[in-house]
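# Inside the fold
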Amino acid sequence: MPKPLSLNEIRANAAKFARDWAGESGKEKQQDQDFMRDLLKVYGLVDRIAQWQYQAHRFSKGRDGWIDALIPGQLGIEMKSAGQNLENAEAQALDYALPEAVAPVFMLTSDFQRFRLKDLRDGSVIEWSLAEFIENAERLAFLAGYGVRTFGSAEQEAASITAAKIMGSLYEELEGSGYDDHSASVFLVRTLFALFADDAGMFPKDLFAEYIRTRTAPDGTDLGAQLTMLFQVLGQPESKRQKNLDDLLTRFPYVNGSIFDEPLPLPAFTPTMRTKLLEACDFNWSAISPAVFGSLFQSVKSKEARREFGEHYTTETNILKLIGPMFLDDINERLTIGWSDVKKLERLRKDMGQMRFLDPACGCGNFLVVAYRELRALDLRVLLRLQDLDPAKYKQSMFFLAEELPVKLSHFHGIEIEEWPARIAETALHLVEHQANNDMRNALGDGPDTLPLNKVRTITVANALRTDWTEIVEQSEHLYVMGNPPFLGMISRSVDQVADLDSVWGEQRHGSQDYVTGWHKKCLDLFSAFGYQGQFAFVSTNSITQGEPVAPTFRPIFAAGWRIGFAHRTFIWTSEAANSAQVHCVIVGFDKRTSPPRLFDYRDHRGDPVVIPVLWQINAYLVDGPNVLVDAVQRPIAPDLPEIINGNKPADGGHLLVEQADHSAVTADPVAAKYVRPFVGARELVQGAPRWCLWMPVAAPADIAASPILKARFDAVKEFRLASTLKATRDSAATPYRFWYVSHRDVPHVVIPRHVSETRAFFTAALANPEVISGDANFTAEDASGLAFSIISSSMFIAWQRTVGGRIKSDLRFGKLPVWNTFPLPKLSDDQRDSIIAGGEAVLDARALRPERSLAQHYNPLAMDPTLLKAHAQLDRTVDAVFGQKESLTEADRLAALFASYERLISDGQLMIPSSKKGRRK
């Protein structure tokens with residue numbers, strides 16, 4: 001197989017091309033194809049890679065026309081006779097409606113003596129003459145494989161989306177033909193490899209396309225048989241092939257690998273299926289990102305996913321958020337430090353050769369693919385620098401052989417529960433290896449041959465939580481375990497997945513732990529079995545660093561000697577495409593090193609991360625502070641705080657509640673009116689909407705008999721409860737006049753909503769008089785003095801809530817056991833208590849100045865009243881002072897004070913830490 005031309009060879013060819021055509025007059029119809037063929041030869045391309053006189057619809061004419069030449073996905077060429085206007089020629093070329101699969105990146109126009117090249121991505125234009133062709137030859141070097149892709153670029157992602165759509169179309173045809181699903185999967189992977197090999201230099205350019213066009217009938221009847229023959233040939237060494245093979249088949253190289261091992265039933269094709277395969281051949285497959293394309297290719301079997309290609313895939317930017325601080329940044333730093341030191345660079349290459357990688361939930365392998373690609377790119381940088389420092393030694397080709405490379409595919413391991421994505425992972429690794437080999441060849445003039453492939457046996461199809469990882473990856477002091485395991489909370493887990501967690505965590509499992517924590521525990525088991533240090537990092541739901549799951553998840557990790565070496569606080573894990581799925585995630589990386597930890601934060605959970613200085617350590621809540629774990633407890637640890645109770649639950653089908661539209665009718669009944677009370681659910685509390693309820697905690701038979709409204713509503717409640725599937729609700733049908741759960745006492749109380757928007761600067765709680773009945777979407781506490789209201793309204797409390805409390809997506813979820821009961825408020829003196837209560841009263845007074853505003857309006861982060869802000873600032877000063885803080889504080893300062901106070905309570909013996917075995921297991 002011919003190797004791509006070097007730039008020196010291209011320049012030599014360009015000089016000959018310029019000499020050969022210097023004296024030609026240039027007639028469009030007579031000489032254009034000869035000229036274009038010679039132009040392609042400059043870059044080592046044979047003329048069959050171009051489609052001559054490509055037919056396409058013209059917008060301006062309303063009919064078909066013919067562009068002179070098209071190299072699908074790369075270059076369109078429009079020729080004119082000498083002296084004609086090239087801008088007009090360009091306008092004509094851009095008037096063609098070219099299919100997305102073949103649309104070029106560049107448009108070249110020429111009149112034999114001048115050239116005009118337009119980059120269709122950004123609209124930039126460059127012109128040169130034939131006499132200047134040598135100096136400008138590299139502008140078309142993408143035809144020889146130079147600079148045709150930029151890793152992680154928008155263009156590469158767009159190309160990958162287009163490629164996935166093409167494969168989705170092929171799958172639809174196979175599915176519709178009745179070809180079984182497994183065979184279709186294998187066939188698609190083989191076809192993908194052949195398409196990529198056709199464009200990326202593994203096969204002679206467009207050999208696969210030529211085979212389909214010239215060796216199969218237009219009606220597609222023999223296509224299945226011919227492809228079956230081709231796939232068999234690709235799996236055979238040249239020495240073992242039949243001597244009488246079709247000449248075209250003999251030109252295909254030996255591929256090896258596992259891609260062509262399995263025999264397949266013969267597929268039957270139609271003319272439409274053959275056409276779609278030829279359309280796939282027209283696309284430039286060398287432009288794809290194996291990582292992005294792999295994510296999309298995994299979804300071709302889903303009709304819904306095929307409709308939304310490009311909206312759901314893992315961006316390379318997100319993958320780099322994990323592998324960057326895990327190992328790439330260290331390698332880059334070592335490269336910088338050793339830039340002028342041969343021994344340091346050689347040591348770096350040796351150490352890279354010791355690195356091993358495991359993604360135990362690898363899916364289509366995108367973490368492994370990007371990690372391999374980046375490490376090969378770094379190794380190439382090291383080799384280039386070694387050539388500069390020691391050219392005598394590093395010009396030898398032996399350093400470019402596959403066995404001499406420190407970074408090998410065999411170092412990258414994955415576990416995937418489904419066969420289809422596992423096959424994609426294997427194939428994607430082969431594709432990215434070839435891209436890396438090409439880059440090496442282009443940069444150094446030599447590099448490993450990708451073919452024949454080494455068989456990738458490092459992707460294991462298995463349930464990762466039921467598999468012994470020591471049998472998957474070899475022991476190494478430089479083992480990196482990484483990935484994006486599935487996130488599943490208590491509600492969404494299946495019975496089998498609960499059993500998975502039980503098998504991993506055993507008696508340590510806590511019911512609040514997410515499914516993803518099973519992978520954390522498996523890492524502990526792996527490194528314990530191997531008895532050495534390494535690193536592990538996962539993308540996880542942010543729930544593992546919030547609320548109840550934190551302590552049972554992180555306690556065994558810290559007990560085993562691990563620390564958080566780097567972490568990304570909550571961010572939205574999504575693609576940049578419109579309507580993409582949004583998941584609130586964190587990345588937490590563990591190691592046993594002593595280097596400074598790195599903490600990344602996000603503005604509004606989006607955009608680029610900002611590095612937060614870590615002066616102490618990163619604790620389990622992703623805060624720079626003491627490494628303490630906050631366990632949910634049954635009563636407040638602060639002696640001055642009252643107990644929180646749940647609000648009152650109607651379970652009534654709406655019949656005990658009185659809406660605004662019904663209020664007049666209900667209160668017109670003098671008997672029913674006696675039982676009407678203000679009712680406050682979370683919506684009424686925050687939005688200020690009026691609502692009432694019928695409150696009869698003790699039966700009043702005479703009144704019920706005397707009131708048609710009471711009787712009708714209570715009958716409806718009884719009927720609703722009897723229809724319930726819950727025994728407790730059915731039992732409560734005997735007391736239909738009463739709320740299902742009653743906690744109310746006729747005393748002043750603080751009302752606390754279960755959920756608060758993440759945008760609030762302060763918790764939107766309120767004080768209520770004894771008449772108000774609070775619903776079960778709120779928590780309440782007796783609060784005649786207003787102390788509890790004042791504490792919960794402080795910045796110190798909401799900082800604690802944000803850190804140790806749970807969340808719904810990113811909104812705050814109040815919890816009495818993990819948040820309120822653990823709030824580490826020091827014992828208050830009488831003066832401190834009075835000052836805090838006075839601060840809360842000032843907040844209420846400031847709200848009262850705007851009685852028309854709801855709490856949502858009062859606490860709109862963009863429109864808080866200055867008087868209310870001033871009142872909160874005064875309240876904060878009094879609460880902060882209790883924690884020993886006297887200056888203006890950031891949230892980080894408050895958290896440090898809070899965790900220090902919590903740590904003191906633990907060390908003083910005031911707090912009993914529950915055993916991890918007492919967690920609720922569901």
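Structure first, text after, so check above.
A short tour of the structure in this document, coming up.

Cut-off values and rules
- Residues numbered from 1 in each chain as written.
- Predicted model: local features only at pLDDT ≥ 70, side-chain atom pairs only at ≥ 80, totals over all residues.
- Heavy atoms only, no water.
- Patch = residues over 30% accessible without salt bridge, like charges linked within 9 Å, V, L, I, M, F, W, Y side chains within 5 Å.
- Areas by Shrake-Rupley, 256 points an atom, 1.4 Å probe, with all protein chains shown as cover.
- Salt bridge = Lys/Arg side-chain N within 4 Å of Asp/Glu carboxyl O.
- Helix = DSSP H or I, 4+ residues; strand = E, 2+ residues; numbered from the N terminus.
- Pairing = 2+ DSSP bridges.
- Phe/Tyr/Trp six-rings, centres within 6.5 Å; stacked < 30°, edge-to-face > 60°.
- Buried < 20%, exposed > 50% of the residue type's maximum accessible area, 1.4 Å probe, protein only.
- Lys NZ or Arg CZ within 6 Å of the ring centre and 35° of its normal.
- Expected span 1.5 Å × (residues − 1).

### Notes on a nonpolar patch on the surface
- Taken together, I645, W740 and Y741 make up a surface patch of nonpolar side chains, about 240 Å² in accessible area.
- Within the secondary structure layout, W740 lies in the loop between α26 (727-731) and β21 (749-753).

### Let's talk about the sheet that holds strand β18 (residues 657-658)
- Spatially, four strands are ordered β18-β20-β19-β24 in an open sheet, and the strand pairing comes out mixed. Whereas interior strands pair on both sides, the edge strands pair on one side only; in this sheet they are β18 and β24 (773-774).
- Relative to strand β20 (residues 692-694), β18 is paired through two bridges, and the arrangement is antiparallel. When the bridges of β20 are listed, L657 appears paired with C693.

### Comments concerning the packing of aromatic side chains
- Under the criterion given, the structure shown has 44 aromatic pairs.
- Aromatic pair F17 and F133: ring centres 5.2 Å apart, planes at 55°, arrangement tilted. Here F133 lies in helix α4 (residues 133-136) and F17 lies in helix α1 (residues 7-21), a separation of 116 residues in the sequence. For the pair formed by F17 and F133, the shared burial category is buried.
- Arranged with centres 6.3 Å apart and planes meeting at 50°, the rings of F679 and F739 form a pair that is tilted. With F679 in strand β19 (residues 676-680) and F739 in the loop between α26 and β21, the pair connects residues that are 60 residues apart, well separated along the chain. Of the two residues examined, F679 and F739, each falls in the buried class.
- A cation sits over an aromatic face here: K592 above W562, 4.7 Å from the ring centre.
- Here R754 stacks its cationic end above the ring of F779, 4.5 Å away from the centre of that ring.

### Digging into helix α17 (residues 419-444)
- Relative to the 38 Å expected for 26 residues at 1.5 Å per residue, α17 spans 38 Å between its end C-alpha atoms, a close match to the ideal helical length.
- Here α17 lies mainly inside the structure; 23 of its 26 residues are buried.
- In the stretch just after α17, G445 is the one whose phi turns positive, near 85°.

### As for the pattern of salt bridges
- Tallied over the full model, the rule gives 47 salt bridges.
- The closest approach of N and O atoms between D20 and K16, which form a salt bridge, is 2.8 Å. Placement of both D20 and K16 in helix α1 is noted, with a separation of four residues, approximately one turn of the helix.
- Judged by relative accessible area, which is 46%, K16 ranks as partly exposed.
- Several salt bridges share partner residues, and in doing so they unite E90, R116, K118 and E127 into one network.

### Comments concerning the sheet that holds strand β23 (residues 766-768)
- Here four strands make up an open sheet; going across it, the order is β17-β25-β21-β23 and the pairing antiparallel. In the strand order of this sheet, the two ends are held by β17 (645-646) and β23, each with one partner.
- Here β21 runs beside strand β25 (residues 778-782); their pairing, made up of five bridges, is antiparallel. Across the sheet, H749 pairs through a bridge with E782, a residue of β25.

Interpretation in functional terms is not warranted from these geometric data alone.
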